[in-house]
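Here is how the chains run, residue by residue.
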Amino acid sequence: MKLDTARPVHLKNYRPPAYLIDKVSLDISLEPTQTRVRSKLSILPNPKAAGRREQLRLDGEHLQLEAISLNGRLLGKKDYKLTATSLTLAKTPTKAFTLEITTIVNPEANKALQGIYRSNGVYCSQCEAQGFRRITYFLDRPDVLATYTVRIDADPAAAPILLSNGNPVERGMLDGGKRHYAVWHDPHPKPSYLFALVGGDLAPISSTFRTKSGRKVDLAIYVEHGKEARAAWAMDSLKRSMRWDEKRFGREYDLDVFNIVAVSDFNMGAMENKGLNIFNDRLILASPETATDAIFEAIESVVAHEYFHNWTGNRITCRDWFQLCLKEGLTVYRDQEFSADERSATVQRIVDVRQLKTHQFAEDAGPLSHPVRPESYIEINNFYTATVYEKGAEVVRMIATILGRDAFRKGMDLYFERHDGEAATVEEFVTCFADASGLDLTQFKLWYSQAGTPEIIANLRYDKDKKTVDLELEQIVPATPGQPNKKPMHIPVRLGLLGANGHDLDLKLASGEEVSDGVVALTKRRQSFRFIDVPSRPVPSLLRGFSAPVNLTIDLPDDDVELLMAGDSDLFNRWQAANDFAARTLIESVSGLASGKRSQRPLRYARALGATLANDSLEPAYRAELLKLPTQADIARMIGKNVDPALIHRAQRNLMKLIGRTLGPQLEQLYKEMEDKGPFSPDAASAGRRALRNAALTMLTARGTPEDIKRLAKHYAKASNMTDRAHALFLLAVRGGPEAKAALANFYKTWSRDHVVIDTWFAAQAQSPLTGTLSRVKALTKHALFSLTAPNKVRALIGTFASTNPVQFNRPDGAGYEFLADQVLALDRLNPQIAARMLGAMRSWRTLESGRRAKARKALQRIVRARPLSADVQEIASRILDA
């Protein structure tokens, strides 16, 4: 465990390494508690650090050093200094030399799941960000790129499958069949965080892919025996993503094989190791009976994401961890574009923006706010955040918006051409687009260095005599921790003006400038745009397609919002109008519950929603999104201070009940029309029908009549797929009662032997807002199927309770906060990375009303004062508490 004495690392202090390692040979003998790693490193002084004579300091943690030799000479203890985190040589040659190191590691005892560990009997590895130093002593930083040759040996009965990066070279038997070995070689230089190995008894499904240049690539996905059929969708997703990347970005795969391995214990969703992706098995295994449509979509997206990393992350990696957005934000953008092409572009945009606002906007508004490219960190694992990933993707999307599709592609081509095989920086990335387009993107780069979500305040004035419209835009970039003063950003604003009939008006600027693709550039703190030849007062449609990750403030009357809901040609903004109408309705309702005042707005919103839902030209998946209200966390973020989660819950419940009553016949008809009696298909159209049917079911259930409850119980009992079954299970758990008890018992009996599916059972109970939920969750932490060493179980039970159950987690007595503190401290002794991530549920504690705020502070103080405490948890807890 790295303790809280760890020092911050600063971007401004970056220096190229004094030494490089250009060739790595690893010989790894797998044993459960005594895995021996022999490394042979070809090391040379770095020409970019000429004149700097430094001792060679190699990173290493949780290693037992067995031997070390320099150019064939065995070194003694006087020749090096060994600490808990490093190995430093007293002297090194001035020219290239070879260092050989033998270390022992214990995979069985490795519960942090970094380095080499065992998952359900399978040896596997996770090296990003700094796990390779748990395998051998090394320059464990992303700007040290080397080619790797790896030999693995193991007991063939325990690990008949031996995999590593690159292409297979050789395999054979040893010691009369008691051991076997495999040799792999990766010809492409890569940083140590992309190293991977797998050894285990796994079953593959295999296929091939023919690249655009005609090369054959062997594909394989390895899973637990008996689950091969559940990997078919992942294989299909892989092949589609490979073809898409060739067509959209001209990127062809570069090895002879591409392997994916699914393991049950994994800190992340998946890892893009070169040629050997390792996945959390919940993002590989899917069948109609075991996976929801959301899981099918996630598998499609994540398989594509990790494959796309082959070029944006592997072939071109990041110079240092501050540049993490360079691979993650860019690759998220690419996987979002893939999903948009494979499914509905509008629905995909809605889903992406909904996630951005729920997670990243909340992060930007609180103590964990940081720039897309952070300036410092104590534990880099804490910066795998929504800001780096989702906001990083939005920054790339804005570049595409500003340049246009063709110029953006030219910039990407130039990036691949210039930096293939290199560890690049944000500046080098942006420069490629500036050079390809001729545009000055200097101001735009502030998106990488300034934290916080900008706010655009819009005001529209219409002159009926001159037939002109003045659109005044003001941008405010809020102060964030460590950044009190901000400069104006370059914000692309895509817009439209709607006439009284709801149709788009022509956009003509008085300046004569062309409004290309409806986009204007907001580059000053205040700017005014005058449009001419406007026949009547228009309704503005701003931030179409969510052209920038900002908050928009504009005072539109409900009549204008209804016009946008009913007829905006930009379907994203039509959804946004509905979502904004729902949000203002809920916020007003929260205030009304506190003051005792009632409003007619909820009824008006419900009727407007019904009118939009009645438009059969809108695809079912889109109408399903219209029926999803802003989350309680979204409303809390919008209220911003003295938040009472119980009042927000009541307001949301009341509005759902009103919608169910007001639109009852319409919802019942949708429920019947959207029933699909044919065979299950995970395609977008079929999934959209199921989504709309289940969204209608949700509102009808909120109405709460005996017939509604009977319908819900029947929906569960008759479900022919996990999408319908899980949706009904969650709704039943919210209501409680004998129907919920029976469904939970049935689900457990059916799926208790499947460690992936049973997570749904844990999560359904954890999200229930009923009074006894905390006691139930505490009891479930003692359940035989739950383990703190299994990240998926922790996320399903503790993570679901803390992050998606605002009523019971934010109990007035503080018991929810104390429970989380207990779990974080227990987790920290096993897996600090997961423990720190659980703390994200506390990031908005200062916005709570005073009673809950005091209880949350007490729980955080207990965590910060605990000893020992990992750097992971210390950093996050301190930032949340002290900001």
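Remember, it's a predicted structure, so these values are computed and weren't measured experimentally. (Residues numbered from 1 in each chain as written. Predicted model: local features only at pLDDT ≥ 70, side-chain atom pairs only at ≥ 80, totals over all residues. Heavy atoms only, no water.)

(A) The arrangement of the overall build of the protein in detail. A count of helices and strands for the protein gives 27 helices and 31 strands. For the protein, whose C-alpha radius of gyration is 28 Å, the value lies close to the compact-globule estimate of 29 Å for 883 residues. C-alpha atoms of the protein, sized along the principal axes, occupy 90 × 70 × 60 Å. The buried share among the 883 residues of the protein stands at 60%. Sequence-distant contacts in the protein: of pairs separated by 6 or more residues, those separated by 24 or more amount to 71%. If you sum the accessible surface of the protein, you get close to 34500 Å²; carbon and sulfur atoms cover 50% of it. In the protein, 121 positive and 104 negative side-chain charges are present, and the distance between their average locations comes to 5 Å. (Helix = DSSP H or I, 4+ residues; strand = E, 2+ residues; numbered from the N terminus. Rg over C-alpha atoms; globule rule 2.2 N^0.38 Å. Buried < 20%, exposed > 50% of the residue type's maximum accessible area, 1.4 Å probe, protein only. Contact = heavy atoms within 4.5 Å. Areas by Shrake-Rupley, 256 points an atom, 1.4 Å probe, with all protein chains shown as cover. Lys, Arg positive; Asp, Glu negative; His and termini not counted. Charge placed at Lys NZ, Arg CZ, Asp CG, Glu CD.)

(B) Quick look at helix H13 (residues 632–639). Taken residue by residue, H13 has Gln-632, Asp-634, Ile-635 and Ala-636 as its buried positions. Those residues of H13 that are buried lie in contact with helix H4 (345–364), helix H10 (571–595), helix H14 (645–662) and helix H23 (806–809). Residue Gly-640 follows H13 closely and has a positive phi angle near 85°.

(C) Inspection of the packing of aromatic side chains at higher detail. The full count for this structure, using the stated rule, is 35 aromatic pairs. Taking 4.9 Å as the distance between ring centres and 75° as the angle between the ring planes, the aromatic pair formed by Phe-132 and Phe-138 counts as edge-to-face. Overall, the relative accessible area of 0% leaves Phe-138 in the buried class. Taking the centre distance of 4.8 Å and the plane angle of 45° together, the rings of Tyr-748 and Trp-761 count as tilted. One end of the pair, Tyr-748, is in helix H19 (residues 738–751); the other, Trp-761, is in helix H20 (residues 758–766), with 13 residues separating them in the sequence. (Phe/Tyr/Trp six-rings, centres within 6.5 Å; stacked < 30°, edge-to-face > 60°.)

(D) Empty space enclosed by the protein, seen in detail. Enumeration according to the criterion identifies 2 cavities of 30 Å³ or more in this entry. Volume-wise, the largest cavity comes out at about 40 Å³. Forming the boundary of the largest cavity are Cys-325, Leu-326, Leu-330, Gly-392, Val-396, Phe-429 and Tyr-448. Elements represented by at least two residues in the lining of the largest cavity include exactly helix H3 (324–342) and helix H5 (386–403). In terms of residue count, the dominant contributor to the lining of the largest cavity is H3 (3 residues). Here the residues of the lining of the largest cavity sort into 6 nonpolar, 1 polar and no charged. For the second largest cavity, the calculated volume is near 30 Å³. Taken together, Trp-575, Ala-578, Asn-579, Ala-582, Tyr-605, Glu-625, Leu-626 and Lys-628 form the lining of the second largest cavity. (1 Å grid on protein atoms, 1.4 Å probe; cavity = no way out; pocket = protein on both sides within 12 Å on 5 of 7 lines; lining within 4 Å. Points joined across faces, edges and corners; volume = space filled by probe spheres on them. Nonpolar A, V, L, I, M, F, W, Y, C, P; charged D, E, K, R; others polar.)

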